[in-house]
Amino acid sequence: MKMKKFINNPENLTDELLDGLAAANRDIIHRGEENMIINNALEGADRVTIVTQGGSGHEPAISGFVGEGMVDISVVGDIFAAPGPQACVDAIKLADKGKGVLYIVLNHAGDMLTGNLTMKQCKKLGLNVVKVVTQEDVSNAPRENADDRRGLVGCIPTYKIAGAAAAEGKSLEEVAAIAQRFADNMATLAVAVRGATHPSTGAALADLGEDDMEIGMGQHGEGGGGRQPMKSADETAEIMVNALLKDIGIQSGEKVMLIINGSGATTLMEQLIIYRKCEQILKEKNIEIVANYVGELLTVQEQAGFQMFMARMDDELLRLWNAPCHTPYLTKK
């Protein structure tokens, strides 16, 4: 099937989308060198600053969350590809306003390679940086092997909570510890009913049968071992909620954040139907949803499906989640 997309030369996709993002949000962000998207308020930031990195093609992630109260600089790679370490080192140097830099990396092979090389270089240069890795996909490794877990939508609430902690004037060690505590208590499970295509080449990232769905599919079409016949919204929600509760060990009386993140081609109608069932299940188990989001935060082009994210919450994390922020795709007043 021929790919239909409103694009120009496939080689210019990342360049043109970053131009568009910056042009549409001039009051919040601007484009820097080496495919950086930069918070306009960075220049006067007398606090810990936050840098992240990742491939393009997952919009609004990651650059749509650059701005006050979240990320200060995102370093963007080509479609589904990590940027190089030199650009990340340059971003960290640019971001550092004397209070140190938190560097948030999603656990994917290319991103981790870049992240490790970046940290090595930062150490040589004597830069004050702490790296936090988000790795919360429950489908491809057990919790005791967390280093093998992929980073999914959990990076977005991590940016929000870390950004709010930095805005409160906390030290780099404190901001990193809060981000790590949140990251250690979160879990995501994805489901797909149709794979995406690579927008540059038109190649299919995953092939799912007409009547199949796959619970556990990764961001780039990686298998999750959960292929099964298509199920209803309620049945799917039940399987996924129970898997997340079990993974984090959430008990009756606890408080959670719940996010239903559309993968790109799943309607808001479907996402809301799923959320409704999740809330019913959690209420029955005496688990309170104190923070939530339903919509697209991190997509995979036209992949059909969604990611369900859950995190254990406490009063401090809830305060930080609710703190003000102003970015192109998330604003809280």
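Residues numbered from 1 in each chain as written. Predicted model: local features only at pLDDT ≥ 70, side-chain atom pairs only at ≥ 80, totals over all residues. Heavy atoms only, no water.

One finds Leu102, Ile156, Tyr159, Phe182 and Met257 to be the most contacted residues of the largest nonpolar core, which totals 49 residues. Put simply, the parts of the chain that give this core at least two residues each are α1 (13-24), β5 (101-106), α4 (155-167), α5 (172-184), β10 (255-262), β12 (304-312) and α8 (315-322). Looking at which element gives the most residues to this core, the answer is α4, with eight residues. Residue contacts for Ile156: discarding those within four places in its chain leaves Ala61, Phe65, Met70 and Leu297. (Core = buried A, V, L, I, M, F, W, Y, C linked by side-chain atoms within 4.5 Å. Buried < 20%, exposed > 50% of the residue type's maximum accessible area, 1.4 Å probe, protein only. Helix = DSSP H or I, 4+ residues; strand = E, 2+ residues; numbered from the N terminus. Contact = heavy atoms within 4.5 Å.)

Turning our attention to the sheet that holds β5. Taken in spatial order, the six strands make up an open sheet running β1-β2-β4-β3-β5-β6, and their pairing is mixed. Every other strand in the sheet has two partners, leaving β1 (29-31) and β6 (129-134) as the edge strands with one partner each. Strand-to-strand twist across the sheet, computed as the mean angle between neighbouring axes with direction ignored, equals 20°. In the sheet, strand β3 (residues 49-56) pairs with β5 via four bridges, with the strands oriented parallel. Bridge pairing links Val51 to Tyr103 in β5. Packed onto the sheet, α1 meets β1, β2 (36-39), β3 and β4 (73-79) and runs at close to 150° relative to β1. The strands that helix α3 (residues 109-125) touches are β3, β5 and β6; relative to β5, the one it contacts most, it runs at about 155°. (Pairing = 2+ DSSP bridges. Axes fitted to C-alpha atoms, helices over the stretch in contact; angles between N-to-C directions.)

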